[in-house]
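What follows is the residue order along each chain.
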Amino acid sequence: DGRQLAFISNREEGNALYLIPTDRGEAVKLSKGKHDIQSFEWSPDGKLIAFLAAELKSESEEKKERDKDDVLIADPAPVLAVQVRESARRPRSSR
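Residues numbered from 1 in each chain as written. Predicted model: local features only at pLDDT ≥ 70, side-chain atom pairs only at ≥ 80, totals over all residues. Heavy atoms only, no water.

With reference to specific residues and values, describe the overall build of the chain.
Along the chain, the regular secondary structure elements total one helix and six strands. Each helix and strand of the chain, ordered N terminal to C terminal, gives the series β-β-β-β-β-α-β. In the chain, once contacts between residues fewer than 6 apart in sequence are set aside, the share between residues at least 24 apart is 46%. Here the chain has roughly 7,000 Å² of accessible surface; of this, 49% comes from carbon and sulfur atoms. (Helix = DSSP H or I, 4+ residues; strand = E, 2+ residues; numbered from the N terminus. Contact = heavy atoms within 4.5 Å. Areas by Shrake-Rupley, 256 points an atom, 1.4 Å probe, with all protein chains shown as cover.)

I'd love a proper account of the pattern of salt bridges, names of residues and values included.
All chains considered together, the criterion is met by one salt bridge. Between Lys63 and Asp67 there is a salt bridge, and its shortest N-O distance comes to 2.6 Å. (Salt bridge = Lys/Arg side-chain N within 4 Å of Asp/Glu carboxyl O.)

Report on the environment of Glu41, specifying residues and quantitative values.
Looking at where Glu41 falls in the secondary structure, it is placed in strand S4 (residues 35-42). For the pair formed by Glu41 and Ala6, sequence separation is 35 residues and the distance between their alpha carbons is 9.2 Å.

Describe the nonpolar core, and please don't skip the residues or the numbers.
Formed by Ala6, Ile8, Leu17, Leu19, Leu30, Ile37, Phe40, Trp42, Ile49, Phe51, Ala53 and Val84, the largest nonpolar core amounts to 12 residues. Of all the secondary-structure elements, those providing two or more residues to this core are strand S1 (4-9), strand S2 (16-21), S4 and strand S5 (48-55). (Core = buried A, V, L, I, M, F, W, Y, C linked by side-chain atoms within 4.5 Å. Buried < 20%, exposed > 50% of the residue type's maximum accessible area, 1.4 Å probe, protein only.)

Account for a negative patch on the surface, naming residues and giving values.
There is a patch of like negative charges on the surface, built from Glu13, Glu55, Glu59, Glu61 and Glu62. The element best represented in the negative patch is helix H1 (residues 59-66), accounting for three residues. Of note, Glu61 is situated in helix H1. Residue classification places Glu61 among the partly exposed positions, given a relative accessible area of 42%. (Patch = residues over 30% accessible without salt bridge, like charges linked within 9 Å, V, L, I, M, F, W, Y side chains within 5 Å. Lys, Arg positive; Asp, Glu negative; His and termini not counted. Charge placed at Lys NZ, Arg CZ, Asp CG, Glu CD.)

So what's going on with the pairing of S4? Residues and values would help.
Here seven bridges tie S4 to S5, and the two strands are oriented antiparallel to one another. Residue pairing in the sheet places Asp36 in a bridge with Ala54 of S5. In sequence, S4 turns back onto S5 through a hairpin of five residues, with Gly46 there showing a positive phi of about 75 degrees. (Pairing = 2+ DSSP bridges.)

Before we move on, could you go through the packing of aromatic side chains and cite the residues and values that matter?
Evaluation of the coordinates by the stated rule reveals one aromatic pair. When the ring centre of Tyr18 is taken as origin, the NZ or CZ atom of Arg11, which lies over that ring, is 5.0 Å away. (Phe/Tyr/Trp six-rings, centres within 6.5 Å; stacked < 30°, edge-to-face > 60°. Lys NZ or Arg CZ within 6 Å of the ring centre and 35° of its normal.)

Tell me about the environment of Ile49, and name the residues and values.
Among the secondary structure elements, Ile49 is positioned in strand S5. Owing to a relative accessible area of 0%, Ile49 belongs among the buried residues under this scheme. For Ile49 and Leu30, which are 19 residues apart along the polypeptide, the C-alpha to C-alpha distance reads 9.5 Å.

As structure tokens, this is what we get:
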């Protein structure tokens, strides 16, 4: 319906998913936790936004990486979703 726009921003630690009204107002952070949002997509009915996110590294993991004392195990990013309230529905959006 064009009333709100979803976007990814790195306002805080890592990339987060936000929603902002198109007429005016402040953006609301939708994603929670220590994740680095990579991409997102609205569901066809506009009720959900699915997103791909990588977990941010802990201080210990960052130190091991700096010290070249780390071993990486390949693991695909989890697919997560947040429910959009009735007033926030929009058919589709891009970054």
